[in-house]
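Structural characterization, general
Spelled out from the first residue to the last, the chains are:
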Amino acid sequence: MDYFQHTPVIRTQRLHLRKLTMKDAGDVFEYSKDPLVAEHVLWDAHRSVSESKGYIRYMMRKYRYGEPSSWGIVWDAEEKVIGTIGFMWIQPENAAAEVGYSLARRFWNRGIMTEALQALIRYGFEEMHLNRIEAIHETDNPASGAVMRKCGMLHEGTMRSKLINKGKFVDVELYAILRRDFQK
Ligand SMILES: CC(C)(COP(=O)(O)OP(=O)(O)OC[C@H]1O[C@@H](n2cnc3c(N)ncnc32)[C@H](O)[C@@H]1OP(=O)(O)O)[C@@H](O)C(=O)NCCC(=O)NCCS
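Read on for an overview of the structure. (Residues numbered from 1 in each chain as written. Predicted model: local features only at pLDDT ≥ 70, side-chain atom pairs only at ≥ 80, totals over all residues.)

**Here we look at the overall build of the protein chain**
When you go through the protein chain residue by residue, the secondary structure sums to six helices and eight strands. Secondary structure elements of the protein chain, listed N to C terminal, follow the sequence β-β-α-α-α-β-β-β-α-β-α-β-β-α. Against the compact-globule benchmark of 16 Å for 184 residues, the protein chain has a radius of gyration of 16 Å, which places it among compact chains. Seen along its three principal axes, the alpha-carbon backbone of the protein chain occupies a region of about 40 × 40 × 30 Å. Sorting the 184 residues of the protein chain into buried and exposed places 32% on the buried side. (Helix = DSSP H or I, 4+ residues; strand = E, 2+ residues; numbered from the N terminus. Rg over C-alpha atoms; globule rule 2.2 N^0.38 Å. Buried ≥ 20, exposed ≤ 12 C-beta atoms within 10 Å, placed from the backbone.)

Rendered as C-alpha cells:
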C-alpha cells in the first residue's frame, strides 16, 4: 500500500500539515534545539541547524520511497513550521499504524496538537483505511496522554521500562483508537 506516495496537504482550522522541505530547517531548529521539547522524545535536542537539515533530509528520503513519515505542522497565522506529526510505522497486514508528534514550546497548551492529531486520525481512517491507530507516551509526559484522550484514544496499558530514553529505562503508556470508536 503506497500510503505516502501522494502525501497530501491536510488543513485544519488554524494549521496545515504538509511535507517538510529544506527551507524549513531554520524553523525546525528553532524548536528542536529546546531541551524541554526533546525531553520525552527519542531524539536529542538539535545542536545546530545542520542537524535539523539532516532530519529533514531523512524525512525527504522517506517521502521519496513512500515510507511512513511526518508532516510539518504549519501555523497559518505566521506561515511557520512549529512541529511535526506523522506515522512512526504502518502494518498494512493488520491495517494498523502508530502516530507520533512534537511541538514548539511557545505553542503548548493551546489545543494545537489535539487539532493536528484529530486531523491525522481522520486521514488514517478515511483515506488510509486503517482499523487501529496507536500512540505511546512516556508516563511522566502526561500532557501527551491528555492529547490522546481528547482525540478519542483509549488507554490500553502501561509498558514498564519499555524504552531507553536519554540513557534511562522509561515506562510508557499505550493508547489506541479503532475505526469503530471513530465512527461512533
Ligand atoms: C505533548 C504536546 C504534543 C502537547 O501538545 P499541545 O498542543 O500542548 O496539546 P493540547 O494543548 O492539545 O493539550 C494539552 C493538554 O495537556 C494538559 N497538560 C499540560 N501539561 C500537563 C501536565 N503537566 N499534566 C497533565 N496535563 C497537562 C493541558 O491542560 C491540555 O489538556 P486540556 O485541554 O484538557 O486542559 C507538546 O507539549 C509537545 O510537543 N511536547 C514536546 C514533545 C513531546 O513530548 N511529544 C510527544 C511525545 S509522546
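**Quick word on the pairing of strand 7 (residues 154-165)**
With zero of its twelve residues buried, strand 7 lies for the most part at the surface. Relative to strand 8 (residues 168-178), strand 7 is paired through eight bridges, and the arrangement is antiparallel. Paired with threonine 158 across the strands is glutamate 173, a residue of strand 8. With antiparallel pairing between neighbouring strands as the criterion, strand 7 and strand 8 make up a hairpin whose turn holds two residues, including lysine 166 at a positive phi of roughly 50 degrees. (Pairing = 2+ DSSP bridges.)

**Topic: the packing of helix 1 (residues 25-32) against helix 3 (residues 49-65)**
Two elements in contact, helix 1 and helix 3, have axes whose closest approach is 8 Å; the angle formed by their N-to-C orientations is 115 degrees. One element, helix 1, and the other, helix 3, form an angle in the roughly perpendicular class. The crossing of helix 1 and helix 3 is right-handed. Where helix 1 approaches helix 3, its residues Ala25, Gly26, Val28, Phe29 and Ser32 are matched on the opposing element by Val49, Ser52, Lys53, Tyr55 and Ile56. (Axes fitted to C-alpha atoms, helices over the stretch in contact; angles between N-to-C directions. Parallel < 35°, antiparallel > 145°, perpendicular 65-115°, else oblique. Left-handed = near helix turned anticlockwise from the far one by under 90°. Contact = placed C-beta atoms within 7 Å.)

**A short note on helix 3**
Helix length check: helix 3, at 17 residues, gives a terminal C-alpha distance of 25 Å against a target of 24 Å (1.5 Å per residue), a fit within 8%. Among the structural elements, helix 1 and strand 3 (70-75) are those in contact with the buried residues of helix 3. Just downstream of helix 3 lies glycine 66, where phi reads positive at about 70 degrees. (Expected span 1.5 Å × (residues − 1).)

**Side note on the sheet that holds strand 1 (residues 10-11)**
For sheets, the rule is that strands pair by backbone hydrogen bonds, running either parallel or antiparallel. Spatially, the eight strands line up as an open sheet ordered 1-2-3-4-5-6-8-7, and their pairing is mixed. Where the open sheet ends on each side, the last strands, each with one partner, are strand 1 and strand 7. Pairing geometry for strand 6 (residues 132-138) and strand 8, over seven bridges, is antiparallel. Paired with alanine 135 across the strands is tyrosine 175, a residue of strand 8. Most of the contacts of helix 4 (residues 112-126) go to strand 5 (residues 96-103), to which it runs at about 160 degrees, and overall it touches strand 1, strand 2 (15-18), strand 3, strand 4 (80-91), strand 5, strand 6 and strand 8.

**Topic: the site of the ligand**
Lining the immediate surroundings of the ligand are 20 residues, of which Leu103, Met113, Thr114, Ala143 and Ala146 lie closest. Residue assignment for the shell around the ligand shows that the elements contributing at least two residues are strand 5, helix 4 and helix 5 (142-150). A per-element tally of the shell around the ligand places helix 5 first, with five residues. Among the residues forming the shell around the ligand, the class breakdown is eleven nonpolar, eight polar and one charged. (Near = placed C-beta within 6 Å. Nonpolar A, V, L, I, M, F, W, Y, C, P; charged D, E, K, R; others polar.)

**Considering unusual backbone geometry**
Although it is not a glycine, alanine 95 adopts a positive phi angle of roughly 50 degrees. Mapped onto the fold, alanine 95 is located in the loop between strand 4 and strand 5. Take alanine 95: there are 17 C-beta atoms within 10 Å of it, and that puts it in the partly exposed class.

**Describing the nonpolar core**
Counting residues in hydrophobic clusters, the biggest one holds 41 residues, and the most contacted among them are Ile73, Ile85, Val99, Ala116 and Leu117. When residues of this core are assigned to their parent elements, the largest contribution, eight residues, is made by helix 4. Dropping the residues within four chain positions of it, isoleucine 73 is found in contact with Leu15, Leu17, Val81, Ile82, Gly83, Thr84, Ile85, Leu103 and Ala116. (Core = buried A, V, L, I, M, F, W, Y, C linked by C-beta atoms within 7 Å.)

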